Amino acid sequence: MTVALTRLDPHIPDPIESRRRAAGRTVRAAYATIVFGILAFFVVYFGRPILYLGGPGSVSSPRYLVSLPYIVQINSITVVRGGSVKAGEEIGRVRSPQHDEIVATYMRSLADIAGRKAELRVKARVARESLDAARSHLQLAEEAVQLIATSSAASLNYRIDMSRERALANKAVVSQEAEAAEASTQLAALDEIQPATF
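Residues numbered from 1 in each chain as written. Predicted model: local features only at pLDDT ≥ 70, side-chain atom pairs only at ≥ 80, totals over all residues. Heavy atoms only, no water.

Enquirer: Can you explain the overall build of the chain? Please cite residues and give values.
Expert: For the chain, the helix and strand inventory stands at 3 helices and 2 strands. For the chain, the N- to C-terminal ordering of α and β elements is α-β-β-α-α. Total accessible area computed for the chain in this model is approximately 16700 Å², and 61% of it derives from carbon and sulfur atoms. (Helix = DSSP H or I, 4+ residues; strand = E, 2+ residues; numbered from the N terminus. Areas by Shrake-Rupley, 256 points an atom, 1.4 Å probe, with all protein chains shown as cover.)

Listed below in structure tokens is the structure:
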């Protein structure tokens, strides 16, 4: 048997439909919250490295060619657009890695020059101090060769040894004189170099 149900008044809300409608809205809101929450998580998780840089690092700025030898990086600018600037007034601060490299190279060159000058002074002094002894040795060797030349008792081997000794003594004198003269010349040339100041 079929029973037809009719509503008494269309303006009175049906309690079953009202509960069903409210439950449907709650389920749809919960479902939408879960779906959009998952989407938001993926967007933030994968999009954050593109928008925000994390971790240690340095902020770089564009480089401008201020003068020919140096490329500088601007640290700070104290003037504003449209402001007047007087001669000698500081307008900003820049840093140049090339300038630092040139200063370091210059300091290394000064250290090399100082070391070379000390080495040349030692060589010149050793050559001057040993020159008298080398000359005395050469004089004795020449006297011995002259005595052997007049004597017939000396063997041929002894004469050869004495001649070799005189040649070695002569070579030592010439070497000491040349080393002393060259060291003095190089010291004079190095003393003429006037170090520039940065």
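Enquirer: Explain the environment of S76 to me, using residue names and the numbers behind them.
Expert: Examined against the element boundaries, S76 turns out to sit in strand β1 (residues 73–77). In this view, S76 contacts G92 and R93; residues no more than four positions away in its chain are not counted. (Contact = heavy atoms within 4.5 Å.)

Enquirer: Could you give an account of the packing of aromatic side chains, with specific residues and numbers?
Expert: Scanning the entire structure with this criterion turns up 4 aromatic pairs. Aromatic pair F42 and F46: ring centres 6.0 Å apart, planes at 5 degrees, arrangement stacked. Of this pair, F42 and F46 both sit in helix α1 (residues 15–51), 4 residues apart, roughly one helical turn. Note on F42: relative accessible area 42%, which makes it partly exposed. (Phe/Tyr/Trp six-rings, centres within 6.5 Å; stacked < 30°, edge-to-face > 60°. Buried < 20%, exposed > 50% of the residue type's maximum accessible area, 1.4 Å probe, protein only.)

Enquirer: Please provide a residue-by-residue account of the side chain of K117, values included.
Expert: Structurally, K117 is set in helix α2 (residues 97–150). Overall, the relative accessible area of 18% leaves K117 in the buried class. K117 has contacts with L187, L190 and D191, leaving out every residue within four places of it along the chain.

Enquirer: I'd like a description of the nonpolar core, backed by residues and values.
Expert: Counting residues in each nonpolar core, the largest one holds 6 residues, listed as L131, A134, L138, A141, A169 and V173. Mapped by element, the contributors of at least two residues to this core are α2 and α3 (156–191). For this core, the element with the highest residue contribution is α2, accounting for 4 residues. Residues within four places of A134 in sequence aside, it is in contact with A169, A172 and V173. Of all hydrophobic cores here, the second largest spans 5 residues; its members include L120, A124, A183 and L190. (Core = buried A, V, L, I, M, F, W, Y, C linked by side-chain atoms within 4.5 Å.)

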